[in-house]
Amino acid sequence: VLSLLVFINQIGSETPLVQHLYTWIPAGDFQIPVTLYVDHLTAVMLMVVTTVGALVHVYANGYMAGDTGFYRFFSYLPFFVFSMLMLVLADNYLLLFCFWEAVGLCSYLLIGYYFKRTSATQAGKKAFIVNRIGDFGFLIGICLLFTVVGTVKYADFSSIAAKLMTPW
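Residues numbered from 1 in each chain as written. Predicted model: local features only at pLDDT ≥ 70, side-chain atom pairs only at ≥ 80, totals over all residues. Heavy atoms only, no water.

A. Representation of the layout of surface pockets. By volume, the largest pocket is sized at about 230 Å³. In this structure, the largest pocket is lined by Leu2, Ser3, Val6, Leu17, Val18, Gln19, Leu36, Val38, Leu46, Thr50, Leu85 and Leu89. Elements with a contribution of two residues or more to the lining of the largest pocket: helix 1 (2-11), strand 1 (17-27), strand 2 (30-38), helix 2 (40-63) and helix 3 (70-89). Tallied by class, the residues present in the lining of the largest pocket amount to 9 nonpolar, 3 polar and no charged. A volume near 180 Å³ is recorded for the second largest pocket. Lining of the second largest pocket is provided by Tyr37, Asp39, Leu41, Thr42, Met45, Val49, Met84, Leu87, Val88, Ala90, Leu96 and Tyr154. Contributions of two or more residues to the lining of the second largest pocket are made by helix 2 and helix 3. With 4 residues, the single largest contributor to the lining of the second largest pocket is helix 2. Considering only residue class, the lining of the second largest pocket consists of 10 nonpolar, 1 polar and 1 charged. (1 Å grid on protein atoms, 1.4 Å probe; cavity = no way out; pocket = protein on both sides within 12 Å on 5 of 7 lines; lining within 4 Å. Points joined across faces, edges and corners; volume = space filled by probe spheres on them. Helix = DSSP H or I, 4+ residues; strand = E, 2+ residues; numbered from the N terminus. Nonpolar A, V, L, I, M, F, W, Y, C, P; charged D, E, K, R; others polar.)

In structure tokens, the structure reads:
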């Protein structure tokens, strides 16, 4: 419902919604705020994530009925949806990376849910290892962006890109 309200609000608006929650890493000039950012694309992605997440919850409720680990499964699944929503709402690359890691953790937990099955544990390990390889590249990219540009905020990159696109 909230995603739908945000979507309706953003479709008729030219300015993004920005909500600063707190400063996560205050270290001199280097500060990483936890800020939620919603523009048109984010509003659409909020609708996609919440709709698909709701459908998965409804389906999984019936599918997992009677399973001995029902409660464990339904502690992983909402955490996965929360991580996806925060990934979509992040306003900087470092926050995006943190919630990308949370999505990876949830994927590992959900893939390896039936941990007594060898195939599930092998698939979970494979997903975990492949994620770590991709995450290493992602983290190097964030460090390079910060080194070259001096920021990790999306909005700052937009203004820098606009300056670079203007002719000398």
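B. View of a nonpolar patch on the surface. Taken together, the side chains of Phe79, Phe82, Leu105, Tyr108, Phe128, Ile129 and Ile133 make up a nonpolar region of the molecular surface, amounting to roughly 670 Å² of accessible area. Examining the composition of the nonpolar patch, we find that 3 residues originate from one element, helix 5 (residues 118-149), more than from any other. By the element assignment, Phe79 lies in helix 3. The exposure class of Phe79 is partly exposed, given its relative accessible area of 33%. (Patch = residues over 30% accessible without salt bridge, like charges linked within 9 Å, V, L, I, M, F, W, Y side chains within 5 Å. Areas by Shrake-Rupley, 256 points an atom, 1.4 Å probe, with all protein chains shown as cover. Salt bridge = Lys/Arg side-chain N within 4 Å of Asp/Glu carboxyl O. Buried < 20%, exposed > 50% of the residue type's maximum accessible area, 1.4 Å probe, protein only.)

C. Broad picture of the pattern of salt bridges. Under the definition given, this model contains 3 salt bridges. As a salt-bridge pair, Arg132 and Glu101 come within 2.7 Å of each other at their nearest N and O atoms. Highlighted residues: Arg132 in helix 5 and Glu101 in helix 4 (residues 93-111), separated in sequence by 31 residues. Arg132 sits in the partly exposed class, given a relative accessible area of 27%. When its relative accessible area of 23% is taken as the criterion, Glu101 is described as partly exposed. Asp135 serves as the salt-bridge partner of Arg132, at 2.6 Å between the closest nitrogen and oxygen. Taken as a pair, Arg132 and Asp135 lie in helix 5 at a separation of 3 residues, close to a single helical turn. Residues joined by salt bridges that share partners form a network here, namely Glu101, Arg132 and Asp135.

D. Looking closely at the pairing of strand 1. Direction of pairing for strand 1 relative to strand 2: antiparallel, over a ladder of 9 bridges. What sits directly across from Pro26, in strand 2, is Gln31. Hairpin connection of strand 1 to strand 2: 2 residues between the antiparallel strands, including Gly28 at a positive phi of 65°. (Pairing = 2+ DSSP bridges.)

E. Examining the nonpolar core more closely. With 9 residues, the main nonpolar core is built from Val34, Met86, Leu87, Ala90, Leu95, Leu96, Phe99, Ala102 and Val103. Breaking this core down by element, the ones donating at least two residues are helix 3 and helix 4. The element contributing the most residues to this core is helix 4, with 5 residues. Sequence-distant contacts of Val34, defined by excluding residues within four places in its chain, comprise Gln19, His20, Leu21, Tyr22, Trp24 and Leu95. (Core = buried A, V, L, I, M, F, W, Y, C linked by side-chain atoms within 4.5 Å. Contact = heavy atoms within 4.5 Å.)

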